[in-house]
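Overview (structure and organization)
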Amino acid sequence: MAKITGIGGVFLKCKGDSKALAAWYRDHLGMALEDFGGAVLRWPEDKAEDGGLTVWHLADKDSQWFSPSQSSFMINYRVDDLDEMLAQLQAAGVTVVGGPESHENGKFAWVMDPDGNKLELWEPRRWDEKNKGA
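Residues numbered from 1 in each chain as written. Predicted model: local features only at pLDDT ≥ 70, side-chain atom pairs only at ≥ 80, totals over all residues. Heavy atoms only, no water.

1. Some points on the overall build of the chain
The condition that has to hold: In this text, helices come from DSSP runs of H or I with a minimum length of four residues, and strands from runs of E with a minimum of two, each type numbered from the N-terminal end. Think of it in three bands: with a 1.4 Å probe and only protein chains considered, a residue is buried below 20% of the maximum accessible area for its type, exposed above 50%, and partly exposed in between. The contact definition used throughout considers only heavy atoms, calling two residues in contact when any of these lie within 4.5 Å. Reported accessibility uses the Shrake-Rupley method at a 1.4 Å probe radius. Residues are deemed covered only where the shown protein chains occlude them. The charge count includes Lys and Arg as positive and Asp and Glu as negative, but it does not include His or the ends of the chains. For this purpose, a charge sits on NZ of Lys, CZ of Arg, CG of Asp or CD of Glu.
Helix and strand counts for the chain come out as two helices and four strands. Counting helices and strands in the order they occur from the N terminus, the chain gives α-β-α-β-β-β. If one aligns the C-alpha atoms of the chain with their principal axes, the spans along those axes are about 45 × 45 × 35 Å. Relative to its full complement of 134 residues, the chain shows a buried share of 34%. Within the chain, residue pairs in contact and separated by at least 24 positions form 55% of the contacts whose partners lie at least 6 positions apart. Counting only carbon and sulfur atoms, one obtains 52% of the accessible surface of the chain, whose full area is about 9,300 Å². Taking the 15 positively charged and 22 negatively charged side chains of the chain as two groups, their mean positions are separated by 4 Å.

2. Side note on the packing of aromatic side chains
Aromatic ring pairs: the centre-centre distance and the angle between the two ring planes describe each pair. Keep this limit in mind: In this scheme Phe, Tyr and Trp rings, the latter by its six-membered ring, pair at centre separations within 6.5 Å, and the angle between planes marks the pair as stacked below 30 degrees, edge-to-face above 60, and tilted otherwise.
Taken as a whole and assessed by the stated rule, the structure comprises five aromatic pairs. Each ring, one from Phe 108 and one from Trp 110, has its centre 6.3 Å from the other, and the planes form 15°; the classification is stacked. Judged on exposure class, the residue Phe 108 and its partner Trp 110 are both buried. When the centroid spacing of 6.0 Å and the interplanar angle of 5° are considered together, the rings of Phe 108 and Trp 122 count as stacked. On the criterion of sequence distance, the pair formed by Phe 108 in strand S3 (residues 106-112) and Trp 122 in strand S4 (residues 118-124) is long-range, its members being 14 residues apart. There is no split in this pair, since Phe 108 and Trp 122 are both buried. Site record: aromatic cluster; members linked through ring pairs are Trp 24, Tyr 25 and Tyr 77.

3. Notes on unusual backbone geometry
A cis amide bond, omega 10°, links Ser 67 with the succeeding residue Pro 68. Tracing the sequence through the fold places Pro 68 in the loop between helix H1 (18-29) and strand S1 (75-78). The amide bond that connects Gly 99 to the next residue, Pro 100, takes the cis arrangement and shows omega of 5°. Here Pro 100 shows up in strand S2 (residues 96-103).

4. Re H1
The test is simple: Expected helix span is given by 1.5 Å per residue-to-residue step, counting one fewer step than there are residues. Pairs of N or O atoms are called polar contacts if they sit within 3.5 Å, as long as, within protein, a hydrogen donor faces a hydrogen acceptor (for residues adjacent in sequence, only side-chain-to-side-chain pairs).
Relative to the 16 Å expected for 12 residues at 1.5 Å per residue, H1 spans 16 Å between its end C-alpha atoms, a close match to the ideal helical length. All of the buried residues in H1 are Leu 21, Ala 22, Ala 23, Trp 24, Tyr 25, His 28 and Leu 29. Those residues of H1 that are buried are in contact with S1, helix H2 (82-91), S3 and S4. Sitting at the amino-terminal end of H1 is Asp 17, which places a side-chain oxygen 2.9 Å from the backbone nitrogen of Lys 19.

5. A few points about the pairing of S4
Both faces of the sheet carry side chains from a regular strand, because those side chains alternate between them. Filter applied, for reference: A pair of strands counts as paired when DSSP detects no fewer than two bridges linking them.
Most of S4 sits out of view: seven of its seven residues are buried. Burial along S4 is two-sided: Lys 118, Glu 120, Trp 122 and Pro 124 facing one way and Leu 119, Leu 121 and Glu 123 facing the other are all buried. Here four bridges tie S1 to S4, and the two strands are oriented parallel to one another. By the bridge assignment, Arg 78 is partnered in S4 with Trp 122. The pairing of S3 with S4 spans seven bridges and is classified as antiparallel. Its bridge partner lying in S4, Lys 107 is registered against Glu 123. Counting the residues in the hairpin turn of S3 and S4 gives five residues, including Gly 116, whose phi is positive at 85°.

Following this line, the structure appears as structure tokens:
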């Protein structure tokens with residue numbers, strides 16, 4: 001049987017100026033934009049100890065996980081240094097809407113992009129009960 005092997009792309013329909021939103025991701029999250037206006041993320045470039053994985057999950061219809069966003073999706077972006085990322089976002093006036101929190105598989109925080117989409121930022125670590133609260 002054929003099966004899914006990973007996430008091939010994430011595509012967002014912008015509410016306003018797509019070039020301005022792409023520039024926000026470039027300027028605030030360090031996403032390197034290609035000539036076509038999007039980005040290509042390559043897992044081998046990720047130096048995290050988990051080996052570079054992507055999580056897929058469905059939220060219940062009444063979940064508040066994506067709040068305060070009204071979007072029906074939330075993208076989790078892997079980051080190499082969550083504390084540094086949060087400092088640079090806050091210095092640029094981006095509001096952190098949650099976190100940082102430490103869990104068994106890493107550290108998490110949440111921000112909103114200019115289109116009102118909640119973003120989850122994740123500094124991954126190998127799953128280990130000892131990582132809780134670290």
